Amino acid sequence: MHSIDKAKTILKQYFGYDSFRHNQEEIIQNVLAGNDGLVLMPTGGGKSVCYQVPAMLFDGVTIVVSPLIALMKDQVDALRLNGIEAAFLNSTQSNTEQNFIISKLQSNQLKLLYVAPERLLGEGSMFINTLKRFSVSLFAIDEAHCISQWGHDFRPEYLQLGELKKHFPNIPVIALTATADKLTEKDILEKLQLHQPKVFENSFNRENIFYFIKPKYNYHFELTQYLRQHKEDSGIIYCLSRASTEALAAQLVEEGFSAAAYHAGLERNIREETQNKFLRDEVKIIVATIAFGMGINKSNVRFVIHVDLPKNIEGYYQETGRAGRDGLKSEAILFYSAGDVMKLKHFAQVENNPAQTEILLKKLNQMANFCESSICRRKYLLNYFGEQHPDYCGSCDTCLSNYEKFDATELAQKALSAVARLNESFGINYVVDILRGSASEKIKEIHKQIKTYGSGKDIGKEQWVRYIRDMVSLGYLSQADGLYPVLKLNDKSWRVLKGEEKVMLVKSITYKKEAEKTLAEEAVPHEEELFQQLKQLRLQLALEESVPAYVILSDASLLELASYLPQNENELLQVSGFGSVKLAKYGKAFLKEIGDYCKSRQLSGRIHLRKPKRLRKESPEKPAMVKGSTDRVTLELFLSGKSVQEIAAERKLTIGTVENHLAGFVNSGELKIESLIPKSKIEIIKNKYEELGAELGIKPIKEALGDDYSYGEIRTVVNYYRFWANNNSYN
Ligand code: ADP
Ligand code: ZN
């Protein structure tokens, strides 16, 4: 059998998965060929499989370096439950325990051994020298960004790993991380001294996480309302200060929630206990500072809420990334206030280090822009990390809102000319005051004379601020770095001023009420009551084994059980996550629960409705689940034969909004693009897109094609092709 086929067999047999995800297959092939590699994959992407499957195919042992002792046990337990011989070595174990493990190593009984970096290379290289006597097949370095000072989690112990290749020049090393930026990547490769490493990149899009930004005004009410609606779910609430984590946790407990505080100032045993309770679902909500979370492997974190503004996008993305590792729909909610920006500005001042201060302030400003602009949140985030994304994701607050764009060229020209006349020396608020003709004393007398003073009276202050933020996000204006983010003109600004470029901005946003109730759209709806019963059963089994529940089976697997109602072992094997060992151990218990449920309701099995994972659409762009039900209404009207114009009239929506709804279904594969736009037009738009690109938006395409082609048609086709082009390169 070809080695990759063997790898697939192992994936099914031990892990219970039908097929590889992202580029797991290529990565594994590279490892099996004995080469070094660096894997950049977002949290929840499935990095572990990349070394665990090869470990099963190699004769010797795979050494996994991991920074967190607390996590090793869970990882090892999870492997053992899949029937894989694994162990960990760390300072919490007694000598006897450690010797026992070393004897297992000696007799080649272990497939994987987890160690901390200092255990591997410290103590005068004693352990590494011992290892040379055994048969080591592979080194896997998890959380590899910890080696880089550029990263946010630098761990000096990781620097020792630079020695690894000297000790074992011929053993392949695979480094893995979810940290994306180029600087860190370069650093990892250099410090680890990898030999002709192949770098595997993936899209960092977390398609199952929905992003919401909400005004931080009376937010406690909204927060508790949300938590009440999600009582069964686990989640993390991030606060800025230690004191506020404790205050909020106490308040939530008083209000009847299962919550606990976590921060670095608490005693170690308390922290560990809290973390363990969270992992084991005994505490549902952790209210924490950012000290909480690195390496939190819990796969069923359903929501991450920021009640204070994160300091930068990197942090925000990492924290929100702790939600939804199991691939099920999860939510990231941030309560935003401009006051938080001011507060954080204060923290960003690094004494005697103006350069550092400037970087921190710039990052903070980008964070504020993210919250205040009205472009798709996902697009903003991915662009920030250097990735392209269509304008519409269908799973963030901006995409789930009805927003109306309008030709704002004239308005933008007013703003730009005010910036010019103020000699590019003032920030947003001052420029807005000028535009609105503010009589405030803060306004210099000479500025009251300039031509644009008062030219934008008819527009409210907040509205102006948002327009200008949007102009910055869209590149029509630049903002200086540093403590005073003054507005600056750039090439694009001049093109607008000269009338060479039009500006489209979002006029008004009305939130779709239904948006937040959106539920994961499932091919086959699941039986909720059974799902809850299965969770109970899982908890019981987890207690017996004393492991966290998600180690037994993920929520995603339980959801499949509750959807497809497998009736026998054969059918059970088709459910994702059931390998042969788990089947033997737990199969009967789950089958009985499902069988009883089906009998009492006269339901029969639905496994024939389950398509193998590969056939299900899986892609970075697809809003995997869900659209707001309002999109669905549009879709249904469309499928019933109504035209876009008719639907817009009937639903009192703009044509653009209706087109946006339908475009989402085109991207998710539910609606054939040909049913929306004539084939002949698709071809022509596609050709123009290929010729002109869409880096500057779709306006150039529209101009080239003329009046017969609407913006909506062009946008739909462009997004569709971008989507498929991306899709192919990721899978
Ligand atoms: P990461 O370390 O990249 O954050 P994990 O390795 O913990 O992610 O994997 C995340 C989840 O995805 C786990 O529950 C894992 O078992 C699951 N998973 C990994 N690979 C696959 C696959 N090919 N098919 C289905 N599920 C997978
Ligand atoms: Zn979006």
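The numbering scheme is per chain: residues are counted from 1 as the chain's sequence reads. In the order they appear in the text, chains get letters beginning with A and ligands get numbers beginning with 1. At least 70 in pLDDT is required for a residue's local features to be given in this predicted model, at least 80 for side-chain atom pairs to be given and counted, and no such filter applies to totals for whole chains, interfaces and linings, which use all residues. To obtain the side-chain values, all non-hydrogen atoms of the structure were included, while hydrogens and water were left out.

## A short note on the overall build of the chain
- Numbered from the N terminus, helices here are DSSP runs of H or I no shorter than four residues, and strands are runs of E no shorter than two. When helices and strands are counted, the chain shows 31 helices and 17 strands.
- Only C-alpha atoms enter the radius of gyration; for comparison, a globular chain is expected to reach 2.2 Å times N to the power 0.38, where N is the number of residues. Over its C-alpha trace the chain gives a radius of gyration of 27 Å, about what one expects of a compact globule, namely 27 Å for 731 residues.
- Dimensions along the principal axes, computed over C-alpha positions, put the chain at roughly 85 × 70 × 55 Å.
- Working definition: with a 1.4 Å probe on protein chains only, accessible area under 20% of the residue-type maximum means buried, over 50% means exposed, and in between means partly exposed. For the chain, buried positions account for 57% of its 731 residues.
- In the chain, 73% of the contacts between residues at least 6 apart in sequence involve partners at least 24 apart.
- Accessible area of the chain: about 32200 Å², with a carbon and sulfur share of 51%.
- Charge assignment: positive for Lys and Arg, negative for Asp and Glu; neither His nor the chain ends contribute. Taken as the charge centre is NZ of Lys, CZ of Arg, CG of Asp or CD of Glu, depending on the residue. Across the chain, the centroid of the 94 positively charged side chains sits 1 Å from that of the 92 negatively charged ones. Contacts between residues were defined by any pair of non-hydrogen atoms, one from each residue, lying within 4.5 Å. Accessible surface area values rest on a Shrake-Rupley calculation with a 1.4 Å probe, where residue burial reflects the displayed protein chains alone.

## Quick look at the sheet that holds strand 11 (residues 285-288)
- The strand order 8-13-12-9-11-10 describes an open sheet built from six strands, whose pairing is parallel. Where the open sheet ends on each side, the last strands, each with one partner, are strand 8 (209-215) and strand 10 (259-262). Mean inter-strand twist for the sheet, computed between neighbouring axes without regard to direction, equals 15°.
- For helices, the axis comes from a line fit to the C-alpha atoms of the stretch in contact; other axes are also lines fit to C-alpha atoms, and the angle between any two N-to-C directions lies between 0 and 180 degrees. Relative to strand 13 (residues 330-336), helix 14 (residues 354-372) is tilted by about 105°, and along the sheet it contacts strand 8 and strand 13. Following DSSP output, two strands are said to pair if at least two bridges run between them.

## Brief notes about the nonpolar core
- Grouped together as the largest cluster of nonpolar side chains are 75 residues, with contacts concentrated most on Leu113, Leu120, Leu131, Phe139 and Ile141.
- How far each domain reaches was decided by an automatic or database domain assignment. Shared between two domains, this core holds at least three residues of each, these being domain 1 (3-201) and domain 2 (209-400).
- Beyond its immediate sequence surroundings of up to four residues, leucine 113 is in contact with Val61, Thr62, Ile63, Val64, Ala87, Phe88, Leu89, Ile101, Leu105 and Phe127.
- The set of buried Ala, Val, Leu, Ile, Met, Phe, Trp, Tyr and Cys residues whose side-chain atoms join them within 4.5 Å is what this entry labels a nonpolar core. Core analysis: the second largest hydrophobic core is formed by 35 residues, Leu11, Met41, Val53 and Leu138 among them.

## What about the coordination of the zinc ion (ligand 2)?
- Here a donor is an N, O or S atom found within 2.8 Å of the metal, or within 3.2 Å if the metal is Na, K or Ca; sites may look incomplete because water is not among the atoms. Distances from the zinc ion (ligand 2) to its protein donors, Cys376 (SG), Cys393 (SG), Cys396 (SG) and Cys399 (SG), fall within 2.3 to 2.4 Å.
- Counting residues between consecutive donors of the zinc ion (ligand 2) along the chain gives the motif C-x16-C-x2-C-x2-C. Here cysteine 376, found in the loop between helix 14 and helix 15 (377-384), pairs with cysteine 399, found in the loop between helix 15 and strand 14 (401-407); they are 23 residues apart in sequence, far enough to count as distant. Each member of the pair, cysteine 376 as well as cysteine 399, carries the same accessibility label: buried.

## Brief notes about unusual backbone geometry
- Even without a glycine there, the phi angle at asparagine 352 is positive, about 55°.
- Along the chain, the position of asparagine 352 falls in the loop between helix 13 (338-347) and helix 14.
- Residue glutamine 602 is not a glycine yet carries a positive backbone phi of 50°.
- Summarising the element assignment, glutamine 602 is placed in the loop between helix 24 (580-601) and helix 25 (629-639).

## Notes on the domain arrangement of the chain
- As assigned here, the chain comprises domain 1 (3-201), domain 2 (209-400), domain 3 (403-511), domain 4 (522-609) and domain 5 (629-724).
- Measuring from the centre of the C-alpha atoms in domain 2 to the corresponding centre in domain 4 gives 32 Å.
- Contact with domain 2, which involves eleven residues of that partner, is made by 13 residues of domain 4.
- Summing the contributions of domain 2 and of domain 4, the shared interface buries around 880 Å²; its carbon and sulfur component is 55%.
- Contacts described as polar in this section are N or O atom pairs within 3.5 Å, which, within protein, must combine one atom able to donate a hydrogen with one able to accept it, while residues neighboring in sequence count only if both atoms come from side chains. Where domain 2 packs against domain 4, one counts zero residue pairs in polar contact (both at pLDDT 80 or more).
- Three residue categories are used. Nonpolar comprises Ala, Val, Leu, Ile, Met, Phe, Trp, Tyr, Cys and Pro, charged comprises Asp, Glu, Lys and Arg, and polar comprises the others, including Gly. In terms of residue class, the side of domain 2 that touches domain 4 is made up of two nonpolar, three polar and six charged. Throughout, buried area stands for the accessible area (probe radius 1.4 Å) lost by two parts on being put together, summed over both.

## Things to note about the sheet that holds strand 7 (residues 198-200)
- Strands sit in the order 3-4-2-5-6-1-7 across an open sheet of seven strands; the sheet is parallel. A strand with exactly one partner marks an edge of an open sheet, and here the two such strands are strand 3 (86-89) and strand 7. Sheet twist, expressed as the average angle between the axes of neighbouring strands with direction ignored, equals 20°.
- Bridge count for strand 1 (residues 37-40) against strand 6 (residues 173-177) is four bridges, and the pairing is parallel. Note that in strand 6 the partner of glycine 37 across the bridge is isoleucine 174.

## Points about the confidence of the model for the chain
- When pLDDT is averaged along the chain, the result is 85; 92% of the residues meet or exceed 70.
- Per residue, pLDDT measures the predictor's confidence, with a range of 0 to 100. Here residues 513-521 scores under 50 on pLDDT; set against residues more than four positions off or in separate chains, the count is 20 contacts.
- Ignoring residues within four places in sequence, the model shows residues 613-628, a span with pLDDT below 50, making 55 contacts including any to other chains.

## Brief notes about helix 20 (residues 528-545)
- For a helix, the expected span equals 1.5 Å multiplied by the residue count minus one. Its 18 residues give helix 20 an end-to-end C-alpha distance of 26 Å, which sits within 8% of 26 Å, the value for a rise of 1.5 Å per residue.
- For helix 20, the full list of buried residues reads Leu530, Phe531, Leu534, Lys535, Leu537, Arg538, Leu541 and Ala542. Looking straight down helix 20, one finds its buried side chains confined to an arc of 165°; they lie on one side. The exposed residues of helix 20 that point more than 90 degrees off its buried face are Gln536, Leu543 and Glu544.
- Contacts from the buried residues of helix 20 go to helix 21 (549-552), helix 22 (555-564) and helix 24.
- Positive phi appears at serine 546, one or two residues downstream of helix 20, with a value of about 45°. Arc definition: it is the arc formed by the directions from the helix axis to the C-beta atoms.

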